[in-house]
Amino acid sequence: ALPLAVERVALFWFEPTGDPGGFDPAHFPVFILEHARDRFIYGFPRLDGAVKLASAILQCLATSVSIKGHDIAVHGNIGIALFPNDSREAETLQTYAALAWSAARQSGADGYKFFSNQLSEDIRSNFDRMAALRRAISQLEFTVMYQPQFALATGALVGCEALLRWPQGDGRMVPPVEFIPMAERSGLIIPLGHFVLAESCRAWVRWQALDSRPLK
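In what follows, the accompanying structure is described. (Residues numbered from 1 in each chain as written. Predicted model: local features only at pLDDT ≥ 70, side-chain atom pairs only at ≥ 80, totals over all residues. Heavy atoms only, no water.)

Description of the pattern of salt bridges
Part 1: A complete count under the given rule lists two salt bridges for this structure.
Part 2: As a salt-bridge pair, Asp170 and Arg172 come within 3.5 Å of each other at their nearest N and O atoms.
Part 3: Residue class for Asp170 comes out exposed when judged on its relative accessible area of 58%.
Part 4: Between Glu199 and Arg202 there is a salt bridge, with its nearest N and O atoms 2.5 Å apart. One end of the pair is Glu199 and the other is Arg202, both in helix 5 (residues 189-210) and three residues apart, which spans about a single turn.
Part 5: Taking the relative accessible area as the measure of exposure, Glu199 reaches 24% and is therefore partly exposed. (Salt bridge = Lys/Arg side-chain N within 4 Å of Asp/Glu carboxyl O. Buried < 20%, exposed > 50% of the residue type's maximum accessible area, 1.4 Å probe, protein only. Helix = DSSP H or I, 4+ residues; strand = E, 2+ residues; numbered from the N terminus.)

Pasting the structure below:
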């Protein structure tokens, strides 16, 4: 069987570089292939040229074009799966290319990635962590700890900093550096922020009942 590179390209951000004057660039038909306005899949019969072709496409997309006097910048990402290295099934290759594209998009605009078994495991693990994060938010598994703040001149307690923590059933804590970026990417940072604010307000009311000194 002849080798083949299957590449999935998706346009995910249309950015006017000037005043659009009522022109909506998202409605402009940049690509119309396989019944998808913002993405397409193509095969390339030379594996050694897959990277060059992907780079050339991204370079073309990064170049702004002038439409009706307005400069439009289009950004995209590319996921690449290889036949027969990754699979011999067309549908599986398309799925793998989509997974590689997802990883490329998470890495930032205008990039490409090849599918690999490690990438597949990373994506599956990320899905599992995201599901656990959603469940933890819905079941209020988080806790808020407070770090006191003191005035240097007097040593008086003047406030505290709210610190969000995610305890696990085995007693360990998931470090914020692991779940905060994931929450920011998914939009879950908003309900998390609401939770921290509500818990902090309740704690402040309890503290004021015990000590009327103003705290920040």
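Observations regarding the environment of Gly159
Part 1: For Gly159, the location among the structural elements is in strand 7 (residues 157-167).
Part 2: Under the relative-accessibility criterion, Gly159 is labelled buried at 1%.

Concerning the packing of aromatic side chains
Part 1: Summed over the entire model, instances satisfying the criterion amount to six aromatic pairs.
Part 2: Geometrically, the ring pair formed by Tyr112 and Phe114 is edge-to-face, given 6.4 Å between the ring centres and 85 degrees between the ring planes.
Part 3: Look at Tyr112 and you get partly exposed, because its relative accessible area is 31%.
Part 4: On the basis of relative accessible area, Phe114 is assigned to the partly exposed category, the value being 30%.
Part 5: In textbook terms, an aromatic cluster arises when at least three aromatic residues are bridged by ring pairs, as seen for Phe142, Trp166 and Phe179. (Phe/Tyr/Trp six-rings, centres within 6.5 Å; stacked < 30°, edge-to-face > 60°.)

Quick notes on the side chain of Asn77
Part 1: Along the chain, the position of Asn77 falls in strand 4 (residues 70-83).
Part 2: From its side chain, Asn77 meets the backbone oxygen of Gly111 in a polar contact 3.2 Å long. (Polar contact = N/O pair within 3.5 Å; in protein donor to acceptor, adjacent residues only side chain to side chain.)

Remarks on the pairing of strand 7
Part 1: By the bridge criterion, eight bridges tie strand 6 (residues 143-150) to strand 7 in an arrangement that is antiparallel. If you follow Tyr146 over to strand 7, its bridge partner there is Ala162.
Part 2: A loop of six residues connects strand 6 with strand 7, the two strands running antiparallel in sequence, and Gly155 in this loop sits at a positive phi of about 80 degrees.
Part 3: Relative to strand 8 (residues 173-174), strand 7 runs antiparallel, the two being bridged by two bridges. Bridge assignment links Pro167 to a residue of strand 8, and that residue is Met173.
Part 4: What sits between the antiparallel neighbours strand 7 and strand 8 is a turn of five residues, in which Gly171 has the positive phi angle 95 degrees. (Pairing = 2+ DSSP bridges.)

Re the packing of helix 2 (residues 90-106) against helix 3 (residues 117-138)
Part 1: Put simply, helix 2 and helix 3 touch, their axes get as near as 10 Å, and they point 70 degrees apart. Regarding the angle of helix 2 to helix 3, the classification is roughly perpendicular. Relative to helix 3, the crossing made by helix 2 is left-handed. Between helix 2, through Leu99, Ala100, Ala103 and Gln106, and helix 3, the contact on the second element is made entirely by Leu119, Ile123 and Asn126.
Part 2: For the contact of helix 2 with helix 3, the class distribution of residues is five nonpolar, two polar and no charged. (Axes fitted to C-alpha atoms, helices over the stretch in contact; angles between N-to-C directions. Parallel < 35°, antiparallel > 145°, perpendicular 65-115°, else oblique. Left-handed = near helix turned anticlockwise from the far one by under 90°. Contact = heavy atoms within 4.5 Å. Nonpolar A, V, L, I, M, F, W, Y, C, P; charged D, E, K, R; others polar.)

Remember, this is a structural readout, not a statement about activity or role.
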